[in-house]
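Descriptive analysis of the structure
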Amino acid sequence: MGYFWTILTLVVALGLSWRFLGGYMVGVFEGRIRFLSFIERPIYRLLGTSPDREQSWKRYAGSVVIFSGLSFALTYAILRLQGSLPLNPQHFGAVGPGLSWNTASSFVTNTNWQNYGGEETLSYLSQMCALTVQQFVTPAVGIGAALVIIRGFTKKSSPTVGNFWVDITRALLYVLLPIAVVAGIIFVGQGAVQTLSGPVHIHNALNGVSQTIALGPTGFMEVIKQLGTNGGGFFNANSAHPFENPTPLTNWLSIYLLLLIPVCLTYVFGKMVGSIRQGVAILTAMVILFGAWTAIATVAEHQPNPAVQQAGLLHQPTGNTVGKEVRFGVPSSALFGIASTQTSTGSANSAYDSFSPVGGGALLTGMMIGEVTPGGVGSGLYTILIYAILAVFIGGLMVGRTPEYLGKKIQATEVKLAGLGTLIMPMTVLILTGIAVSLHAGRAGPLNSGPHGFSEILYALTSQGNNNGSAFGGLTGNTTFYNVIGGIDMLIGRFGILIPAIALGGVLAAKNVVAAGAGTFRTDNPMFVGLLIGVIIIVGGLTFFPAVSLGPVVEQLSHGKFF
């Protein structure tokens, strides 16, 4: 499929999904679509709750923490006990404590960062019961947090924000599981492996070479990997592996799935607050930034590779093909990389370490602006709404009007929570990067020296701090130092933003709605879209530019030109 047709079909498919899947999700989360109520009711009885029993934001946040804590303990226990558990045909032993800590932190936070090679480290039971289960429930938690902040705008003087257990149950039953089953059948039909029969051992009698080919329950895991913006693959090569991503159709479907729910949630937002134009404004800001970053990466990767030129190959009409899958080509690899890093997914169908400095910088900075274009499942929407509140506050100050967003006055508490949600990630990433480059254990990680080596450290900690999970490559991550600080990075990056977002929803829900007047600052027009984009870029640019200038910028300028 040509690049033009790839883009066109994605736009059409996502546009239709935005309207119809988005409308369906609104019906589900408003409780109007209940055809699976016969499954819901026993679950609620087991949990001791009810859709009519709403929670305050503190109880909602407490439920998130309790659920995530139990998920962490279960994941950690399975990894540590792996050697004594069934479905382990390769007889892998227990995963070490440092790697188990990092992996449990990774999958509980929807990061899916992998300091291990999946087919060489984890049993089938670990892949299915520890990792794939988390790949379903963590995006459901993100959807729940996004619903809280939406309800903050829709409720009036309300002490409650919804019920966490009801939200994740409906997100799983009505949205994630049905789509995953249908798409999983397509993936398996296209050639993604799905088996518990163990690896295949082959001996070639002609040359005497023996080979072991790893197999496993990959096809359905691949779907939730993309749909839930998880990114963690069964194989170490992730979506570059033909058993995970066998055809151009599955490659297109992968990009579609990882954009699907984050895009549709903007419709959910607009519909539930009573103005589709509000959702369109948020989506427009996302599309503009996503398009700009895609253009930068695509143009950069179409430039000749300087190292290959020095080796004597001056004519490189297809651009920088180093590290790219020939099956997908340069443009599709750049598009996949941008879609993955701007949706908190982190899956990869090419080697990001082999991207040009500008191309790799586009992947890196896409994460640094908060992964809001369109961001992860749920996390993208609640993060960009935090930015929107800051934009309203700044816009109000500029024109001398009382800042309001959708009829809710934006006052000191909202601005403090929005500021905390915005700054916690950059502070964590930059402090941990500073620690890593200051200590021998941190400097021993990258395989390259100079600005590229610095980029490898910065990318790893940015990826984990943003709960992305994509690996730049070139960094030896499975060490005590990187396992420990990586786990801390991921936990702060997830809950340091998610909890303020839930609190923000609770504070907004407790407010009454102010009627719009002639002086109301509009948040559904091009001016607001421009202001929102400016705030996102300025916050990301001011906080990360010094670090980026020491990595990708210096490396690219060392080639004598920027493109």
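Every value quoted in this text rests on a predicted model; they were computed, and no experiment measured them. (Residues numbered from 1 in each chain as written. Predicted model: local features only at pLDDT ≥ 70, side-chain atom pairs only at ≥ 80, totals over all residues. Heavy atoms only, no water.)

**Observations concerning the overall build of the protein chain**
Scanning the protein chain from N- to C-terminus turns up 19 helices and 4 strands. Against the compact-globule benchmark of 24 Å for 563 residues, the protein chain has a radius of gyration of 23 Å, which places it among compact chains. Once the C-alpha set of the protein chain is aligned to its principal axes, its extents read approximately 80 × 60 × 50 Å. Residue burial in the protein chain is summarised as follows: out of 563 residues, 60% are buried. Taking all contacts inside the protein chain whose residues are at least 6 apart in sequence as the whole, residues at least 24 apart take part in 78%. Each charge class in the protein chain was averaged separately, 27 positive and 19 negative side chains, and the resulting centres sit 13 Å apart. (Helix = DSSP H or I, 4+ residues; strand = E, 2+ residues; numbered from the N terminus. Rg over C-alpha atoms; globule rule 2.2 N^0.38 Å. Buried < 20%, exposed > 50% of the residue type's maximum accessible area, 1.4 Å probe, protein only. Contact = heavy atoms within 4.5 Å. Lys, Arg positive; Asp, Glu negative; His and termini not counted. Charge placed at Lys NZ, Arg CZ, Asp CG, Glu CD.)

**Focus: the layout of surface pockets**
One number sums up the size of the largest pocket: a volume of about 560 Å³. Lining the largest pocket are 27 residues; nearest its centre among them are Gln114, Asn236, Ala471, Phe472 and Gly473. Here the lining of the largest pocket is composed, by residue class, of 11 nonpolar, 14 polar and 2 charged. (1 Å grid on protein atoms, 1.4 Å probe; cavity = no way out; pocket = protein on both sides within 12 Å on 5 of 7 lines; lining within 4 Å. Points joined across faces, edges and corners; volume = space filled by probe spheres on them. Nonpolar A, V, L, I, M, F, W, Y, C, P; charged D, E, K, R; others polar.)

**Focus on a nonpolar patch on the surface**
Together, Phe4, Trp5, Leu8, Val12, Leu16 and Phe20 give the surface a local cluster of nonpolar side chains, amounting to about 660 Å² of exposed area. With respect to the helices and strands, Phe4 occurs in helix α1 (residues 3–29). A residue is classified by how much of its surface remains accessible, and Phe4, at 57% relative accessible area, is exposed. (Patch = residues over 30% accessible without salt bridge, like charges linked within 9 Å, V, L, I, M, F, W, Y side chains within 5 Å. Areas by Shrake-Rupley, 256 points an atom, 1.4 Å probe, with all protein chains shown as cover. Salt bridge = Lys/Arg side-chain N within 4 Å of Asp/Glu carboxyl O.)

**A few points about the packing of helix α2 (residues 37–47) against helix α7 (residues 164–190)**
Interaxial distance between α2 and α7 falls to 11 Å at its minimum, and their mutual angle equals 145 degrees. Judged by the sense of rotation from one axis to the other, the crossing of α2 with α7 is right-handed. On α7, the residues touching Ser37, Ile39, Glu40, Ile43, Tyr44 and Leu47 of α2 are Trp165, Val166, Thr169, Arg170, Leu173 and Tyr174. Residues that form the contact of α2 with α7 fall into these classes: 8 nonpolar, 2 polar and 2 charged. (Axes fitted to C-alpha atoms, helices over the stretch in contact; angles between N-to-C directions. Left-handed = near helix turned anticlockwise from the far one by under 90°.)

**Side note on the side chain of Thr365**
Looking at the element boundaries, Thr365 is found in helix α13 (residues 357–368). Among the polar contacts made by the side chain of Thr365, one reaches the main-chain carbonyl oxygen of Ala362 at a distance of 3.4 Å. Excluding its chain neighbours within four sequence positions, the residues that come into contact with Thr365 are Trp293 and Val548. (Polar contact = N/O pair within 3.5 Å; in protein donor to acceptor, adjacent residues only side chain to side chain.)

**Topic: empty space enclosed by the protein**
Under the counting rule described, the total for this entry stands at 2 cavities of 30 Å³ or more. Here the largest cavity is characterised by a volume of approximately 200 Å³. Residue lining of the largest cavity: 17 residues in total, with Gly370, Thr383, Asn466, Gly493 and Ile497 positioned closest to the centre. Only α14 (379–399), α15 (412–438) and α18 (480–509) provide two or more residues apiece to the lining of the largest cavity. Ranked by the residues each element gives to the lining of the largest cavity, the list is headed by α14, at 4 residues.

**Details of the pattern of salt bridges**
Applying the stated criterion across every chain yields a total of 13 salt bridges. Here Lys155 makes a salt bridge to Glu54, at a shortest N to O gap of 3.0 Å. Note that Lys155 is positioned in the loop between α6 (124–154) and α7 and Glu54 in the loop between α2 and α3 (57–80), a separation of 101 residues in sequence. The exposure class assigned to Lys155 is buried, which follows from its relative accessible area of 18%. You can call Glu54 partly exposed: its relative accessible area is 35%. Between Asp167 and Arg151 there is a salt bridge whose closest N-O contact spans 2.9 Å.

**Here we look at the nonpolar core**
Of all hydrophobic cores here, the largest spans 130 residues; its most connected members are Leu257, Tyr405 and Leu532. It is helix α9 (residues 248–272) that provides the largest number of residues to this core, a total of 16 residues. When near neighbours in sequence (up to four residues on either side) are disregarded, Tyr405 contacts Phe153, Phe269, Gln278, Ile282, Leu385, Ala388, Ile389, Val392, Ile410, Thr523 and Phe528. In this structure, Ile78, Val95, Leu125 and Leu131 belong to the second largest nonpolar core, which totals 17 residues. (Core = buried A, V, L, I, M, F, W, Y, C linked by side-chain atoms within 4.5 Å.)

**Quick notes on the environment of Asn305**
Examined against the element boundaries, Asn305 turns out to sit in the loop between α10 (276–301) and α11 (306–310). Taking the C-alpha atoms as reference, Asn305 lies 7.3 Å from Ser356; in sequence the two are 51 residues apart. Here Asn305 is in contact with Gln316, Asn320 and Val322, once residues within four sequence places are set aside. A distance of 2.8 Å separates the side chain of Asn305 from the side chain of Asn320, its partner in a polar contact.

Coordinates in, geometry out; function isn't part of it.
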